[in-house]
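This is what each chain is made of:
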Amino acid sequence: MTKINKTIIINTPKLKNGAMIMGCPYNNNSRPMEDGIHTDFKDDMSYGDYLNLAPILSSQNPLSDQHDEMLFIIIHQASELWLKLAGHELSKAIQNIQEGDFGHAFKVISRVKQILNQLTQSWNILSTLTPVDYLKFRDALGHSSGFQSYGYRKIEFLLGNKNASLLQVHENDPVIYQELKQILQQPSLYDVTIKVLEKTGLKIAHSVLERDFTQPYQKHDSVLKAWLNVYQNADEHFQLYELAEKLVDIEDSFQQWRFKHMYTVQRIIGNKAGTGGSSGVAFLKQALDISFFPELFELRTHL
C-alpha cells in the first residue's frame, strides 16, 4: 500500500514591528467623522433643541441622597411620556372610528398595544429596586403616588372605565381637571364602537346608545348579541370583526401592564399601604377584575 504524505499549510500571521497583523475588523476600532456631518449649531436647531432635552434631562431631582431614587424617578417619568402618547393615539382612534376611517384607527390602536407592552417591560427594570433600598427613600415621596397619574386616568376614561369621584385627585390643577372632566363626559372608544354596530344595522338597546357617559360601561345583552352576530358572520362583518380583535389586543396588553404593576409593587413593599393612602397591592388587584370591553370576552363562551 502506498503511503500518501499530506502537507498541511498553516497561514501564520505576519509580523509588523513585532506585532501580528490579523484579518480582524477591529484593528482600528474607531469611526472617523465624515466631512458632511453638520457640527455648527450657533444659528441652527440641534437634536437637543428640537426635543427640548435641556428641561427634560434636568427634571430628575432626587429628594434623598440614595442612589436608587434616580431609577425610581426616571422609570416613572418615562412611563408618563408613554402614557401621554397612548392618550394621544386613543383620542385619534376615537375620532377615526367616528369618521369611519377604520384603516387609520387600526394603525393607531396597534400602536397603543405596543406602547402598553413597552410600559409593561419597564416594570422589569424597576424590579431591580430591592425592598431595603426603596425604604431608604420612600418617606421622601410623601403622599405622591402613581394613583394621581393624569396620563393613566386619561387612558382609563378614554377606554371607558369612568369614575367621576377620581377627579377629586386632580382638583388642585384646573387645566388637568377640566380636560379629564371633558373626557369623562364624552363617549369612550367602546361607546363609539358600539355606535358603529348600530349604524351597521345590528340592534343595540336605546339605553346603551343614550347612556350617561360619565358612568362606567356595564355589559348589555343587546351588545353581546350584536358581537356574536359579527363573529358568527365574520366574512360579512370583517371590518367590525377586525376592530373587535384590535380592542381585545388593547385590553390584553393593558391587563398585563396592570398585573405587572401589582406584582412589582408586591415584590417591593409587600402588603404595605400605598404612599397615596390606598391599601396598596389589594387595591391594585381590584383593577384586574375590570374589563373595558366585557362582551368581547364573554362572547367567546357562546361561540
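The structure under discussion appears in the preceding block.
Residues numbered from 1 in each chain as written. Predicted model: local features only at pLDDT ≥ 70, side-chain atom pairs only at ≥ 80, totals over all residues. Heavy atoms only, no water.

Draft legend 1. How the structure looks around the nonpolar core. Core analysis: the biggest nonpolar cluster contains 68 residues, and L159, L189, Y190, W227 and L296 have the highest contact counts within it. Residue contributions to this core peak at 12 residues, all from helix α11 (residues 238–269). In this structure, L296 is in contact with Y190, W227, A244, L247 and V248, ignoring residues within four places of it in sequence. (Core = buried A, V, L, I, M, F, W, Y, C linked by side-chain atoms within 4.5 Å. Buried < 20%, exposed > 50% of the residue type's maximum accessible area, 1.4 Å probe, protein only. Helix = DSSP H or I, 4+ residues; strand = E, 2+ residues; numbered from the N terminus. Contact = heavy atoms within 4.5 Å.)

Draft legend 2. Expanded view of the layout of surface pockets. Quantified by volume, the largest pocket comes out at close to 1,400 Å³. Lining the largest pocket we find 49 residues, and of these S145, G146, F147, Q148 and H261 sit closest to its centre. Looking at the lining of the largest pocket, the elements with two or more residues in it are α3 (69–98), α4 (102–126), α6 (150–159), α11 and α12 (281–287). Examining the composition of the lining of the largest pocket, we find that 9 residues originate from one element, α3, more than from any other. For the lining of the largest pocket, a count of residues per class yields 24 nonpolar, 18 polar and 7 charged. What the second largest pocket holds in volume is close to 360 Å³. (1 Å grid on protein atoms, 1.4 Å probe; cavity = no way out; pocket = protein on both sides within 12 Å on 5 of 7 lines; lining within 4 Å. Points joined across faces, edges and corners; volume = space filled by probe spheres on them. Nonpolar A, V, L, I, M, F, W, Y, C, P; charged D, E, K, R; others polar.)

Draft legend 3. Up close: unusual backbone geometry. Even without a glycine there, the phi angle at N52 is positive, about 55°. What makes N52 partly exposed here is its relative accessible area of 48%.

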